[in-house]
Each structure stands twice: as C-alpha cells, then as structure tokens.
Amino acid sequence: MAPEFGSPIEHLPLIPAEVLKKHRAHQPLDTRFRAAARLLQALWREDRDLPIGSFIGEDGKRHKLGSRITEGAGKNGGNYLSPEIAHIARREVAYREVGAMIDLERLETNLLSSMPLTFNLFAPLVTKLDRADTLLYALIPDFRGLSRKVLFEHSPGRGNPRFTGDYTAFDAVIRYTRSDGRKGFVAFEVKYSESMREPEAKLRPRYDELSENSGLYLDHAEAALRGNPLQQLWREHLLAQSMLDERLYDEGYFVTIAPALNYHVQSAVETYRAQLREPEEGKVRYVNLTLEDVVDKIRRDDPDHAAALHRRYCDFWLVDGEMELNAPSFVPARKRTPGGAGKPTQAAPAETPRKRKPAAEKAKKAVTA
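Attention in this report is confined to the structure presented alongside it. All of these numbers come straight from a predicted model, not from anything done at the bench.

Looking now at the packing of aromatic side chains. With the rule as written, the count across this model stands at 15 aromatic pairs. Here Tyr207 and Trp234 contribute two aromatic rings whose centre-to-centre distance is 5.7 Å and whose plane-to-plane angle is 75°, an arrangement assigned as edge-to-face. In this pair, Tyr207 is assigned in helix 8 (residues 205-214) and Trp234 in helix 9 (residues 231-245), connecting sequence segments 27 residues apart. Accessibility assignment for this pair places Tyr207 and Trp234 in one class, buried. Members of the aromatic cluster, connected to one another through ring pairs, are Phe170, Tyr217, Phe254, Tyr272 and Tyr286. The ring of Trp44 has Arg312 sitting right over it, with the charged end atom 4.1 Å from the ring centre.

Here we come to empty space enclosed by the protein. For the structure on display, the rule yields two cavities of 30 Å³ or more. Size it by volume and the largest cavity reaches roughly 120 Å³. In this structure, the largest cavity is lined by Leu121, Pro124, Leu125, Lys128, Arg131, Thr134, Leu135, Lys297, Ile298, Asp301, Asp302 and His305. Secondary-structure elements contributing two or more residues to the lining of the largest cavity are helix 7 (129-139) and helix 11 (291-298). With three residues, helix 7 is the single largest residue contributor to the lining of the largest cavity.

As a further point, take helix 9. For helix 9, which comprises 15 residues, the first-to-last C-alpha distance of 21 Å matches the rise-based estimate of 21 Å (1.5 Å per residue) to within 8%. Phi turns positive one or two residues past the end of helix 9, at Arg247, with a value near 65°.

For the rest of this paragraph, the subject is the sheet that holds strand 6 (residues 251-258). One open sheet holds the five strands; their spatial order is 3-4-5-6-7, and the pairing between them is mixed. The open sheet has two free edges, formed respectively by strand 3 (146-154) and strand 7 (285-290), since each of these has just one partner strand. Each neighbouring strand pair of the sheet contributes to a mean axis angle of 20°, computed without reference to strand direction. Contacts from helix 10 (residues 263-273) reach strand 6 and strand 7 within the one sheet, and its direction differs from that of strand 7 by about 160°.

Quick look at the pattern of salt bridges now. Following the criterion strictly, the structure yields 20 salt bridges and no others. Lys75 is the salt-bridge partner of Glu108, the closest N and O atoms lying 3.7 Å from each other. Here Glu108, found in helix 5 (residues 104-109), pairs with Lys75, found in helix 3 (residues 71-75); they are 33 residues apart in sequence, far enough to count as distant. A relative accessible area of 56% means that Lys75 is categorised as exposed. Among the salt bridges present, the one from Asp180 reaches Arg178, with a minimum N-O distance of 3.4 Å. The exposure class assigned to Asp180 is partly exposed, which follows from its relative accessible area of 47%. For Arg178, a relative accessible area of 27% corresponds to the partly exposed category. Here the residues in one salt-bridge network are Arg178, Asp180, Arg182, Glu251 and Glu281, joined through shared partners.

How each quantity is defined
Residues numbered from 1 in each chain as written. Predicted model: local features only at pLDDT ≥ 70, side-chain atom pairs only at ≥ 80, totals over all residues. Heavy atoms only, no water. Phe/Tyr/Trp six-rings, centres within 6.5 Å; stacked < 30°, edge-to-face > 60°. Helix = DSSP H or I, 4+ residues; strand = E, 2+ residues; numbered from the N terminus. Buried < 20%, exposed > 50% of the residue type's maximum accessible area, 1.4 Å probe, protein only. Lys NZ or Arg CZ within 6 Å of the ring centre and 35° of its normal. 1 Å grid on protein atoms, 1.4 Å probe; cavity = no way out; pocket = protein on both sides within 12 Å on 5 of 7 lines; lining within 4 Å. Points joined across faces, edges and corners; volume = space filled by probe spheres on them. Expected span 1.5 Å × (residues − 1). Pairing = 2+ DSSP bridges. Axes fitted to C-alpha atoms, helices over the stretch in contact; angles between N-to-C directions. Contact = heavy atoms within 4.5 Å. Salt bridge = Lys/Arg side-chain N within 4 Å of Asp/Glu carboxyl O.

Right, dumping it as structure tokens:
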C-alpha cells in the first residue's frame, strides 16, 4: 500500500526508468534501495548546483552519472555537508594509518558511497567529544565511559597475525575510558546502498582459529559465516574480539549502521544476529542501529547537522515527490453516444503533486556548506 504523505515509508517504490534517466541516475543493475538512494543523491547534487561527474562504463566510454560530482568539485569538499567536515576529512585522510585502504576518487566524488557518509556522520565529533558521549549514551543503553578519540578507517594492525592477519578495518572507532579506568572502544561499520553481495575476502586459516576461540558464535564453524552476506560482519567482529583478547582494551562494541529501508543489509544483520551467543563479560557486544535512529539522536545536540544528514541520506519523500512531478497525465475516457463521438466523461480533479524544491531549499538554509 502506498504511504500517506508524512507517514513512515515501509518500503521504497520502483522508480520509473524515465524519472531516473532524467536525473542521469538510471543503472539497470541497481537494487530497489540503491536506485532510490542514487536518485536522492542526484537530487541533492542538483539542489546544491554541484557539477555532475562521470564514470567509465563497460564499453570503455565515459558516462555522466547523477550520483557523482566532478573531480574539481570533490577536491573542493563537495561530497561533505560542511566546510568543517571537509577540513577534518582532508586531514584525517592525509594522516591515515599505514596501509589504510582509502579510494580517494570514491571518497571525494561518489555521493552514494558510505565512505563520505562516515565522515559526514562522525567528523563533527572529532572536536566535540562531549557530543560523542551524549550520542553513545543515547544509542547504546549499557554504555558507560568518556570518549577520548575518534579514529577513521582504523585497524589495530593491518597484516598482523595477532589479529586477523589481513587488511580488515573499521570505518570509524571511538575510544573511551570508564571511571574505573577500564578502556573500551566502539567500532562502526557504516553501510548505505550496499547489498552485502560485494566481493568477498579470501578465506584464511586465521579466521577459523579466531572464530573457534572467540566464544561469540553458536557454531563457530558455520559455513554461512564464511560467505556473503555475512562474511564481512564475521571478519570485523573477529577483529574486534581479538582487540580484547590481545588486551588492547577491556571491553568493546561492534556496531553496524545502515538505513532502515536497505532491506539487504537489515536482512543480513538479522541473519548474523541469529548466529551469536548471548553476550557475556569479556566478549565484544554486537549492536545494529538504523541510520535514521542515529540521525535522530544527533538532532538533540546538533539540529542543523541532523537536518543536513536527513535531507541527504534519509528523506525518501523527495524521491516520492519527484515521481509525482513526473507522473503521466491520465486522459479521461470518452463517453460514446449513439450517432456521435460523444464528450469526455468528467474526471475528478488531479491532486496537485508536492513539489520537491521548497523542501530542499528549507534543508539547504539549515546547513552551512
């Protein structure tokens, strides 16, 4: 059933190809969520007058894509919600950990990527650690601590056999200490349009060893953990647990963040959760959060930041409005009369579609960019 305007959207629409093509957002292999998210990013780019970017297709030719911006716009911080976030992202990338795998083109020019989303979410906390505390207390009921540092694309040791022995890393980590001196961390994996069917990492004997010793799973040898859609969650949770086992920290949380309407991620999360034992002392606890809930909690301390995040990543009513603005006009049937062509039957007046631009303009005014 189609939702009433202003009510929660339970699932996203199938967007007509004509609407996607109008905004250079038509990619036939996109999932239902990814198509809607791509269009939402294209609308955000248009409202901010950012120049459209491009990609090289399988035909070897360059094609414009509405969910990308040009290299020049990307270097000027166009993929971030504010100049302050762009500044922090630039410095964090320059000082990234040795071996950190950051695709600069994707980070700077791909609006659909979860990499810039991570910075747009967490960069403001780098200089406002008190807000990090408020956010973590609101999101994780049993969290107790004071935030000490925000890290991006973090691993305790890439390639180090003490851990996973590979290049697995977290999108962001917040380190904290408790009043009793215990050290902890909250490690985040941020998803936006991913389907959880991305290329898998090569399986390593170290994963099996960690899985067996972790005490996290009902069946540490479960085959489902070793392939999509669960493998990345498995590897990152094992990395997090190894950080406790190697006594780098005393406690920790592994947290996924994804849009509520990304059914691929939410389904994978539920499947993964079913593999886990009940949490206990000395084990990294797993927490799944919706992007919408995180944005809602950010709103308490920083309403402008939350408004900008919601407009860009979560306001799928803008997609609905764009479909309505481009909906075909239905011609009323002609009533036939004996001996004549007859006159059109009277149809109910069409409801005026809700326009996108005013809502977008309001969101733009709420954000310094």
